[in-house]
Structures are given as C-alpha cells and as structure tokens.
Amino acid sequence: MRHPTIYITPRQPKGGAAKVVQLPWGCRGLVVFMILIFTCTLIACSDDTVDISKNIKTISTSDVDFSLYARQYPEANYDALAAAADSEYAWAGKSIAIMGGSVASNVEGNVCKKLYIQLLHCSPIVTYGRGGMGYSTAPYSMQDFLPLLSKHDIYILWSSTNDYGTGVPVGEPTDYTEADTLNEEHAATQCGGINKCIHTIRETFPDALIIGFTSLPFFGEDAARVDGYSLVTTMDNGQGINFAHYVQKQEETFQRAGVPYFDQFECGLFDSDNYSSFYLSDGFHLNKDGYFLVGCKQVEFFLKLIDGL
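The rules behind the values
- Residues numbered from 1 in each chain as written.
- Predicted model: local features only at pLDDT ≥ 70, side-chain atom pairs only at ≥ 80, totals over all residues.
- Heavy atoms only, no water.
- 1 Å grid on protein atoms, 1.4 Å probe; cavity = no way out; pocket = protein on both sides within 12 Å on 5 of 7 lines; lining within 4 Å.
- Points joined across faces, edges and corners; volume = space filled by probe spheres on them.
- Nonpolar A, V, L, I, M, F, W, Y, C, P; charged D, E, K, R; others polar.
- Core = buried A, V, L, I, M, F, W, Y, C linked by side-chain atoms within 4.5 Å.
- Buried < 20%, exposed > 50% of the residue type's maximum accessible area, 1.4 Å probe, protein only.
- Helix = DSSP H or I, 4+ residues; strand = E, 2+ residues; numbered from the N terminus.
- Contact = heavy atoms within 4.5 Å.
- Salt bridge = Lys/Arg side-chain N within 4 Å of Asp/Glu carboxyl O.
- Arc of directions from axis to C-beta.
- Phe/Tyr/Trp six-rings, centres within 6.5 Å; stacked < 30°, edge-to-face > 60°.

A. Inspection of empty space enclosed by the protein at higher detail. Summed over all chains, the structure comprises one cavity of 30 Å³ or more. Looking at the lining of the largest cavity residue by residue, the classes come out as five nonpolar, four polar and no charged.

The structure is reproduced here in structure tokens:
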C-alpha cells in the first residue's frame, strides 16, 4: 500500500531556497498524532478560558418604530397595549436583568427588550446570556452568571431548550430547596438549576422581583422536531421524556418557589403552520417579527402583574 507523503518545510534561509525534508512513515504518523494532540489542547484551553462576562449586554434606549410592526400584525394589539401602558409608570426607571440562552440573548431579541423600554419606561435592560446555556447545561449554564449579577430591580429567568436538548435530567421542583437542604448535587437538574438561580438572587438581592418565562416551542427544519411543539408526541431526548414535560416542570418549579411566570410554550402564537414566518431558518430561534409578537404578550403579562402587585 502506498502511503501519502508528509513534507516539512523549514523557514526559508537567507540567500537560499528552503529544503524539503521527507519523513519516514513511522515519523509521519507521530507528526500527525502530535498535531492532533496540539489542536485538541488548544481547543480545550480555549474552552477553559472563556470569559462569560463578555456575554453581558446592556440596552438603555429604544430606537424602534413599533407602529410598523403594529400595522403588519394587528393581532398583537400593540395600540391597546401602548394605551394601557401610557399611564403606567410603576416600572419607570427600573432596571431589568434577563438570564438565558440564545433565545434570550440573540440580537433579534432586542426588539422585545426595546418594547419594554418604550412601553414600560424601564431602563436599562441587561442580558446575561450565552448561546447553548440552560439552567444546568455543561460546560456553561445560567448558574455561571450568578456571581456576575449586578443589582437590578427585576430579574427574568428566560427558560431555553438547552437543558432538554443536551439531556440534562429534568429533576423535581424540590431540587435545591429547603426540602433537600440545598443539595448541590441536585442543582445539576433543570429544576435544581432554576431553584439555585432563584435562591441566589433572593439571598443577594432580597428586594428584587423575580419573573419566570417558560421555554418557547421549537420546530426544527420543516417542523420535523415534533417534540418541540407537541404535547402528546412520543419523540423525546433519549430519556423517555418529551419537551412538554420539561416545560411542565419549569412551571411547577416557578409555582412552588412563588415566582410569577409567563407560559410562552402555550401562549398561542406559534404553531407548525405559521412558525416559518416568525422563526429563523433553523426553526429554533425567533426572528425580529417573532420577538415583536412574543414581546407584546410579555408586556401584556407584565401589565397584569403590575396591576396585581
């Protein structure tokens, strides 16, 4: 069998051509192996030195003309929301922190954050988020932002699809609570991660309001990911549990902790027939129009919450 030839070309010496050295096959294999090891080491070191503080983003003003969205999507009831919010200044000047994965932190999501600023007069909106993060995902999770949180008036825990997608155990609403004496091992479940975020925020910022958002549905390409939007599908993440069950446990955990929450999974906005107009081509992440629609629903929820406080 004829093996491929590996050449090593030294830096060209002054006044002469570079010499090409052909290695014997045994050395060639060693060189390839060392290159692979070196590459993997660089990747590992790169992962170990990620500075997630760079994923903290602040928005303080709104420069969006929402009347354009309102005309395109009258079903969002933007005008009615704007009228209701016009005299509501309970959150004026308040700072909101949003924690989550890519759906909470993607740049398209600035649409709904600027909607908060414009309608509720709150500012700034600070996002602590990174793609791939869930409550207990590896190598990074929302828990990693807890030591980096600044003081805010309101903290929103925006649930992602990542715990489900990476096989994080769903857990129980009692994980990482007084019921298990804050067992750190239980913080490795989705429910435990939610509770750790809630517990830490309450301990550090006792006067803050905490709000939960359940995960939005996901569809994949051509709505092939039935597990992302169906309540009854048998498709799961390899643990015999479908996505709707993860969302149900999010709700149960928020309820047990006394955290008001908005159910985005069943808010009635997106389905397998219309999702392509409001999601990016991957079927997992919203586009700007999708964020406008869900942002209006979020503001509607906020107004009801303010009225009941």
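Next comes the rest of the description.
B. Inspection of the nonpolar core at higher detail. Core analysis: the biggest nonpolar cluster contains 51 residues, and Tyr116, Trp158 and Phe292 have the highest contact counts within it. The leading source of residues in this core is helix H9 (residues 288-308), at eleven residues. With sequence-adjacent residues up to four places away left out, Tyr116 is seen in contact with Ile96, Ile98, His121, Cys122, Ile125, Ile156, Trp158, Phe213, Gln298, Val299 and Phe302. Residues Tyr128, Met142, Leu149 and Ala208 belong to the second largest nonpolar core, which totals 25 residues.

C. Here's a closer look at the layout of surface pockets. Approximately 180 Å³ is the volume attributed to the largest pocket. Lining the largest pocket, in full, are Pro173, Tyr176, Thr177, Glu178, Leu182, Asn195, Ile198, His199, Arg202, Arg256 and Ala257. Of all the secondary structure elements, the ones that give two or more residues to the lining of the largest pocket are helix H7 (190-204) and helix H8 (243-257). The dominant element in the lining of the largest pocket, judged by the number of residues it contributes, is H7, at four residues.

D. The pattern of salt bridges, seen in detail. With the rule as written, the count across this model stands at seven salt bridges. Its salt-bridge partner being Glu184, residue Lys196 comes within 2.5 Å of it at the nearest N-O pair. On the criterion of sequence distance, the pair formed by Lys196 in helix H7 and Glu184 in the loop between helix H6 (162-165) and H7 is long-range, its members being twelve residues apart. Look at Lys196 and you get buried, because its relative accessible area is 17%. Taking the shortest distance from any N to any O, the salt bridge between Glu252 and Lys249 comes out at 3.2 Å. Of this pair, Glu252 and Lys249 both sit in helix H8, separated by three residues, roughly a single helical turn. One continuous salt-bridge network, built from bridges that share partners, spans Glu172, Lys249 and Glu252.

E. Structural detail: helix H3 (residues 78-86). Listed as buried for H3 are Tyr78, Leu81 and Ala85. Along H3, the residues classed as buried sweep out an arc of 60° about the axis, all on the same side. Those residues of H3 that are exposed and aimed more than 90 degrees away from the buried face are Asp79, Ala83 and Asp86. Elements that come into contact with the buried residues of H3 comprise helix H2 (66-72), helix H5 (110-120) and H9.

F. Quick look at the packing of aromatic side chains. Within the structure shown, the criterion is met by 29 aromatic pairs. When the ring of Phe270 is compared with that of Tyr279, the centres are 5.4 Å apart and the planes differ by 90°; the resulting orientation is edge-to-face. With respect to class, Phe270 is no different from Tyr279; both count as buried. A connected cluster of aromatic rings, assembled from ring pairs, spans Trp91, Tyr116, Trp158, Phe213, Phe262, Tyr291, Phe301 and Phe302.

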